[in-house]
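Below, each chain spelled out in residue letters.
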Amino acid sequence: MLVQRLRPYSSSVFGEMSQLAVTHGAIDLGQGFPDYEGPRAMLDRAREAIASGVNHYTSAKGQPELRAAVVAERARHLGERYDAATEVVVTAGATEALTAALLGLVEPGGEVILIEPFYDSYPAAVALAGATARTVAMVPDGDGFTLDLDELRAAITPRTRALLLNSPHNPTGSLLSDADLATIAELACEHDFPVISDEVYEHLVFDEIPHASIAALPGMRERTVVVSAPAKTFNVTGWRIGWALGPEPLITAVLAAKQYLTFVPPAPFQPAIAYALEHEQDWAAANRVALHGKYLLLSNALRDRGFDVKRSAGGYFVCADVGTDGTAFCRDLPARSGVAAIPVAALSHRSDWNTLVRFAYCKKDATLREAISRLGA
């Protein structure tokens with residue numbers, strides 16, 4: 001019998017909506033995966049690795065080549081320096097890095113602050129750790145959303161053991177401001193808890209706005225686990241490679257949990273990602289520009305069809321207020337219009353998000369135009 005703490009997470013909205021998409025032959029704008037490939041040379045490196053026998057266990061920390069590439073890219077990109085030997089661990093996707101961080105850093109009975117709405121694995125990972133999630137809401141800010149800092153202050157208790165943040169934010173596409181990050185940093189230092197910073201969309205911030213990491217703020221490097229992955233940067237969501245960066249005591253805690261989850265991440269993809277981090281940044285930059293165009297294409301079309309479309313500053317998703325129950329809307333949409341989307345209510349514990357729906361625009365332009373045509377019909 002399923003344990004009590006996991007009963008709320010026995011099924012996933014993504015599985016439900018994807019199955020509806022398959023059943024009705026719908027275009028899947030629900031799950032955030034591209035339908036076009038990443039850089040060719042990176043894919044060739046993975047094929048070469050398989051052919052040359054890179055198919056077995058590696059170091060539990062990840063291949064040295066990839067760890068070196070991760071820290072070198074972080075230094076180039078943000079000027080932040082980490083030790084490849086002791087301050088990075090490669091994981092089976094960012095989700096494992098986040099889960100291992102919570103398992104390794106939060107004792108049962110502790111509290112973890114989540115920003116709501118959230119990526120669906122966050123509360124499940126908190127439950128796996130035997131902890132309790134306390135949520136802080138994003139609130140309306142013009143045509144977008146911002147963090148409720150007063151609610152954040154009120155959410156901190158003597159039992160707070162970590163805060164998990166994500167910027168650019170999934171599902172809203174919001175970007176936490178410098179002031180938001182500074183306030184979070186001040187509170188983390190004041191109350192002495194670590195921050196787990198999910199930065200998987202770090203290379204997908206629009207309008208030439210530089211990505212900002214909370215780890216760069218005063219007092220935060222020593223208390224931040226930065227989580228990232230190549231899945232969204234290089235269009236390899238199925239490779240399940242990610243990593244955690246941070247000071248050695250925190251990364252040791254992540255590794256202690258991670259090595260008993262998957263032990264090692266997939267071997268043949270690691271040299272390919274190392275190559276991409278060093279040689280395919282131009283491809284990533286061009287893809288970011290293309291994604292901005294795809295966002296504008298889809299958001300303008302949704303607006304033309306009468307939806308209240310929200311601002312997205314980066315990532316894969318745009319949210320629209322459909323003016324009715326979003327869950328019922330999404331369950332009906334594949335059969336009615338041949339398009340699948342995700343109700344934001346499924347990514348929240350509150351009723352405030354019931355009319356909001358998330359659409360993924362990380363698709364070929366032809367795919368988006370066909371989806372737009374179906375929605376119009």
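Residues numbered from 1 in each chain as written. Predicted model: local features only at pLDDT ≥ 70, side-chain atom pairs only at ≥ 80, totals over all residues. Heavy atoms only, no water.

A word on the domain arrangement of the protein. As far as domains go, the protein holds domain 1 (4-38 + 280-375) and domain 2 (54-278). If you average the C-alpha positions of domain 1 and of domain 2, the two centres end up 23 Å apart. If you look at the interface, domain 1 gives 39 residues, while domain 2 gives 41 residues. Of the roughly 3600 Å² buried at the junction of domain 1 and domain 2 (both faces included), carbon and sulfur atoms supply 57%. (Domains from an automatic or database assignment. Contact = heavy atoms within 4.5 Å. Buried area = accessible area lost by both parts, 1.4 Å probe.)

Among the surface-exposed residues, Leu103, Leu128 and Leu261 lie close enough to one another that they form a single nonpolar patch of about 230 Å² accessible area. Along the chain, leucine 103 turns up in helix α4 (residues 93-105). (Patch = residues over 30% accessible without salt bridge, like charges linked within 9 Å, V, L, I, M, F, W, Y side chains within 5 Å. Areas by Shrake-Rupley, 256 points an atom, 1.4 Å probe, with all protein chains shown as cover. Salt bridge = Lys/Arg side-chain N within 4 Å of Asp/Glu carboxyl O. Helix = DSSP H or I, 4+ residues; strand = E, 2+ residues; numbered from the N terminus.)

Let us look at the sheet that holds strand β11 (residues 317-321). Sheet architecture is open: 4 strands sit in the order β10-β11-β14-β13, paired in antiparallel fashion. Strands at the two margins of the open sheet, each flanked by one partner only, are β10 (308-309) and β13 (342-343). Here β11 pairs with strand β14 (residues 356-360) via 5 bridges, running antiparallel. Bridge pairing links phenylalanine 317 to alanine 360 in β14. Strands in contact with helix α10 (residues 281-304) are β10, β11 and β14; relative to β11, the strand with the most contacts, it is inclined by about 10 degrees. (Pairing = 2+ DSSP bridges. Axes fitted to C-alpha atoms, helices over the stretch in contact; angles between N-to-C directions.)

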